[in-house]
Amino acid sequence: MNLLEIRQHFIRKSGRFDLATTSTGSSEEWDTDAGANFYIQAATRALDLEQEQQEMYWEESLAVNGYLVNLVDCRQIARVTYVNSDGEESEALDRVTFACLTEDYPSLGSTTAGDPDEWALHPSQRPPRQRFSGQNVDTKTVIIMPPTSAAITVRVYGQFSSTKLVDNVDENFWSVLYPEVLVMAALRELEIFYRNSEGVRDWTMAIESKLLGIDKDLAGTDVYGSSLEMEG
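This section reports on the structure supplied with the text. These numbers come from a predicted model, not from an experiment. (Residues numbered from 1 in each chain as written. Predicted model: local features only at pLDDT ≥ 70, side-chain atom pairs only at ≥ 80, totals over all residues. Heavy atoms only, no water.)

A short note on the overall build of the protein chain
For step 1, the next point in the chain: Secondary structure summary: the protein chain contains six helices and nine strands in total.
For step 2, the next point in the chain: Of the contacts formed within the protein chain by residues at least 6 apart in sequence, a portion of 69% connects residues at least 24 apart. (Helix = DSSP H or I, 4+ residues; strand = E, 2+ residues; numbered from the N terminus. Contact = heavy atoms within 4.5 Å.)

Digging into helix 1 (residues 3-14)
For step 1, the next point in the chain: Counted at 1.5 Å a residue, the expected span for helix 1 with its 12 residues is 16 Å, and the 16 Å between its end C-alpha atoms agrees.
For step 2, the next point in the chain: Looking at the buried side of helix 1, the elements it contacts are strand 1 (20-21), strand 2 (32-33), helix 2 (36-50), helix 4 (173-177) and helix 5 (179-193).
For step 3, the next point in the chain: The distance from a side-chain oxygen at the start of helix 1 to the backbone nitrogen of leucine 4 is 3.2 Å, and the residue carrying that oxygen is asparagine 2.
For step 4, the next point in the chain: Once helix 1 ends, the next one or two residues include glycine 15, with phi positive near 75°. (Expected span 1.5 Å × (residues − 1). Polar contact = N/O pair within 3.5 Å; in protein donor to acceptor, adjacent residues only side chain to side chain.)

Some remarks on the packing of aromatic side chains
For step 1, the next point in the chain: Counted by the stated rule, this structure contains 10 aromatic pairs.
For step 2, the next point in the chain: On the basis of an interplanar angle of 90° and a centroid distance of 4.9 Å, the ring pair of phenylalanine 173 and tryptophan 174 is categorised as edge-to-face.
For step 3, the next point in the chain: On the accessibility criterion, tryptophan 174 (0% relative accessible area) is buried.
For step 4, the next point in the chain: Put simply, the rings of Phe10, Phe38, Tyr39 and Phe193 touch in pairs and so form one group of aromatic residues. (Phe/Tyr/Trp six-rings, centres within 6.5 Å; stacked < 30°, edge-to-face > 60°. Buried < 20%, exposed > 50% of the residue type's maximum accessible area, 1.4 Å probe, protein only.)

What to know about the pattern of salt bridges
For step 1, the next point in the chain: A full pass over the atoms with the stated rule returns six salt bridges.
For step 2, the next point in the chain: The closest approach of N and O atoms between glutamate 55 and arginine 79, which form a salt bridge, is 2.8 Å. Highlighted residues: glutamate 55 in the loop between helix 2 and strand 3 (56-62) and arginine 79 in strand 5 (residues 74-83), separated in sequence by 24 residues.
For step 3, the next point in the chain: Taking the relative accessible area as the measure of exposure, glutamate 55 reaches 40% and is therefore partly exposed.
For step 4, the next point in the chain: Residue arginine 155 pairs with glutamate 59 through a salt bridge whose shortest N-O separation is 2.7 Å. One end of the pair, arginine 155, is in strand 9 (residues 152-160); the other, glutamate 59, is in strand 3, and 96 residues separate them in sequence.
For step 5, the next point in the chain: Here the residues in one salt-bridge network are Glu59, Glu89 and Arg155, joined through shared partners. (Salt bridge = Lys/Arg side-chain N within 4 Å of Asp/Glu carboxyl O.)

Considering a negative patch on the surface
For step 1, the next point in the chain: A cluster of acidic side chains, namely Asp94, Glu103, Asp104, Asp115 and Asp117, defines a negative patch on the protein surface.
For step 2, the next point in the chain: Relative to the helices and strands, aspartate 115 resides in the loop between helix 3 (98-104) and strand 7 (118-122).
For step 3, the next point in the chain: Accessibility expressed as a relative area gives 57% for aspartate 115, which makes it exposed. (Patch = residues over 30% accessible without salt bridge, like charges linked within 9 Å, V, L, I, M, F, W, Y side chains within 5 Å. Areas by Shrake-Rupley, 256 points an atom, 1.4 Å probe, with all protein chains shown as cover. Lys, Arg positive; Asp, Glu negative; His and termini not counted. Charge placed at Lys NZ, Arg CZ, Asp CG, Glu CD.)

Observations regarding unusual backbone geometry
For step 1, the next point in the chain: Note the cis peptide between methionine 145 and proline 146, where omega equals -10°.
For step 2, the next point in the chain: Among the secondary structure elements, proline 146 is positioned in the loop between strand 8 (139-145) and strand 9.
For step 3, the next point in the chain: Phi at aspartate 73 is positive, roughly 60°, even though this residue is not glycine.
For step 4, the next point in the chain: The topology assignment puts aspartate 73 in the loop between strand 4 (68-72) and strand 5.

Remarks on the environment of leucine 190
For step 1, the next point in the chain: Mapped onto the secondary structure, leucine 190 falls in helix 5.
For step 2, the next point in the chain: For leucine 190 and alanine 36, which are 154 residues apart along the polypeptide, the C-alpha to C-alpha distance reads 9.2 Å.
For step 3, the next point in the chain: With residues up to four places along the chain from it excluded, the contact list for leucine 190 reads Phe10, Ser14, Arg16, Leu19 and Tyr39.

Take a look at the structure:
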């Protein structure tokens, strides 16, 4: 389902017909947001935090002397590798603190290029009083050292937030694979903001039973993948 379809289900099941409107001449009910999206977006974030999703990776090409990779919506980083021009993926680079990285490579971007062997999170965020001077808060920056001496593709493995649903046609992990869970979570967010603790508990119990099933599916996939690796 896309955002429009999720919103339609949310409006019908909540009875909150004031949280969306239908534009003049539209054949689609509640095609214009009037507050429903807030609860749907909050539900997406809540589900991401509750559910251990499968590992994903961010790919970004770096030219010669490149060393910075900007990640959007990255929650956790598990490891960093790179793929060379022959399509071969490197071993995981060593993770170090930014302080250690600057000790090993004090010149940073001016360091003689070579094969990257370590990485750190670059402190690209600024404090609140300088919030307009740094990266956006949804961005993390990975710095690899030394700068690459050849064109490579960096892969950053980890956990990433689901795509934010903004436009009616937008889809994400939850809306496509588990739309009923996303609708349930949006209804729970509505109860939270109206301080209905009993309603929140009921929805949480229902959602947890669904997430348990998803966990079993993911665990089964991991076991199957591991068995294939052992047989290989």
